[in-house]
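The lines below spell out each chain.
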Amino acid sequence: MIQVKLFDREHEKDLEKEMNHFLRGIDEQSLLDIKYNVAAMTEEEEEEQIYCFSAMIIYRS
């Protein structure tokens, strides 16, 4: 069965840590693909830029 695991973090290092932890738990042969995305937006009131780092691991269970 093909499954996905989604990750969403505000900091890239947090995303990296969480994904590596998950990947240690699955067999390397079952990994099919990893999709990665970064979104940036600005809060109007504070003019602060906010980042969202997300990824999807596609694997066979």
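Heads up: the structure comes first, above all this text.
As a convention, each chain's residues are numbered from 1 in the sequence order in which they are written. Given that this is a predicted model, residues contribute local features only at a pLDDT of at least 70 and side-chain atom pairs are listed and counted only at 80 or more, while totals for whole chains, interfaces and linings are drawn from all residues. To obtain the side-chain values, all non-hydrogen atoms of the structure were included, while hydrogens and water were left out.

Novice: In this structure, what is going on with the nonpolar core? I would like to understand it.
Specialist: Considering soluble globular proteins, one finds that nonpolar side chains tend to be buried as a cluster. Membership of the largest hydrophobic core is limited to nine residues, which are Phe-7, Leu-15, Met-19, Phe-22, Ile-26, Phe-53, Ala-55, Ile-57 and Tyr-59. Numbering of helices and strands runs from the N terminus; a helix is a DSSP stretch of H or I covering at least four residues, while a strand is a stretch of E covering at least two. Counting only elements with at least two residues in this core, the list comes to helix H1 (12-24) and strand E3 (48-60). In what follows, residue pairs with any heavy atoms lying within 4.5 Å of each other are defined as contacts. Phe-53 has contacts with Phe-7, Asp-8, Arg-9, Glu-10, His-11, Glu-12, Leu-15, Tyr-36, Asn-37 and Val-38, leaving out every residue within four places of it along the chain. Remark: nonpolar core denotes a set of buried residues (Ala, Val, Leu, Ile, Met, Phe, Trp, Tyr, Cys) joined through side-chain atoms within 4.5 Å. Burial classes follow relative accessibility: with a 1.4 Å probe on protein chains only, a residue under 20% of its type's maximum area counts as buried, one over 50% as exposed, and anything between as partly exposed.

Novice: For this particular structure, what's the right way to read a negative patch on the surface?
Specialist: Like charges are joined within 9 Å and nonpolar side chains (Val, Leu, Ile, Met, Phe, Trp, Tyr) within 5 Å, but only among residues with over 30% relative accessible area and no salt bridge; these make up the patches. Computed with the Shrake-Rupley method and a 1.4 Å probe, the accessible areas treat only the protein chains shown as cover for residues. Put simply, a salt bridge is a Lys or Arg side-chain nitrogen that is within 4 Å of an Asp or Glu carboxyl oxygen. In this charge count, Lys and Arg are treated as positive and Asp and Glu as negative; neither His nor the chain ends contribute. In plain terms, the charge of a residue is placed at NZ if it is Lys, CZ if Arg, CG if Asp and CD if Glu. Residues Asp-8, Glu-10, Glu-12 and Asp-14 make up a contiguous surface patch of negative charge. Along the polypeptide, Asp-14 turns up in helix H1.

Novice: Before we go on, may I ask you to explain H1 in this structure?
Specialist: Side chains of residues three or four places apart in an α-helix project in the same direction, reflecting 3.6 residues per turn. The end-to-end C-alpha separation of H1 is 18 Å, in line with the 18 Å expected for 13 residues at 1.5 Å each. Structurally, H1 contributes buried residues whose contacts are with strand E1 (2-9), strand E2 (31-43) and E3. Here a helix's expected span is defined as the number of its residues, less one, multiplied by 1.5 Å.

Novice: For this particular structure, what's the right way to read the environment of His-21?
Specialist: Tracing the backbone through its elements, the reader meets His-21 in helix H1. Of the residues examined, His-21 reaches a relative accessible area of 56% and is grouped as exposed.

Novice: What should I look at first to understand the pattern of salt bridges in this one?
Specialist: Oppositely charged side chains can pair when the atoms bearing their charge come close. Summed over all chains, the structure comprises three salt bridges. Its salt-bridge partner being Arg-9, residue Glu-18 comes within 2.6 Å of it at the nearest N-O pair. Residue Arg-9 is classed as partly exposed on the basis of its relative accessible area, which comes to 34%. For Asp-33, the salt bridge goes to Lys-35, with nearest N and O atoms at 2.9 Å. Residue Asp-33 is classed as partly exposed on the basis of its relative accessible area, which comes to 30%. Residue Lys-35 is classed as partly exposed on the basis of its relative accessible area, which comes to 43%.

Novice: What am I meant to see in the packing of aromatic side chains here?
Specialist: Note on aromatic pairs: each is described by the distance of the centres and the angle between the planes. Pairing of aromatic rings covers Phe, Tyr and Trp, the last through its six-membered ring, and needs centres within 6.5 Å; plane angles under 30 degrees mean stacked, over 60 mean edge-to-face, and all others mean tilted. Applying the stated criterion to the full structure yields three aromatic pairs. Taking the centre distance of 5.8 Å and the plane angle of 70° together, the rings of Phe-7 and Phe-22 count as edge-to-face. Of the two residues, Phe-7 sits in strand E1 while Phe-22 sits in helix H1, which places them 15 residues apart along the sequence. Just as Phe-7 is buried, Phe-22 falls in that class too. Residues Phe-22 and Tyr-59 carry aromatic rings whose centres are separated by 5.4 Å and whose planes lie at 70° to one another, so their mutual orientation is edge-to-face. One end of the pair, Phe-22, is in helix H1; the other, Tyr-59, is in strand E3, and 37 residues separate them in sequence.

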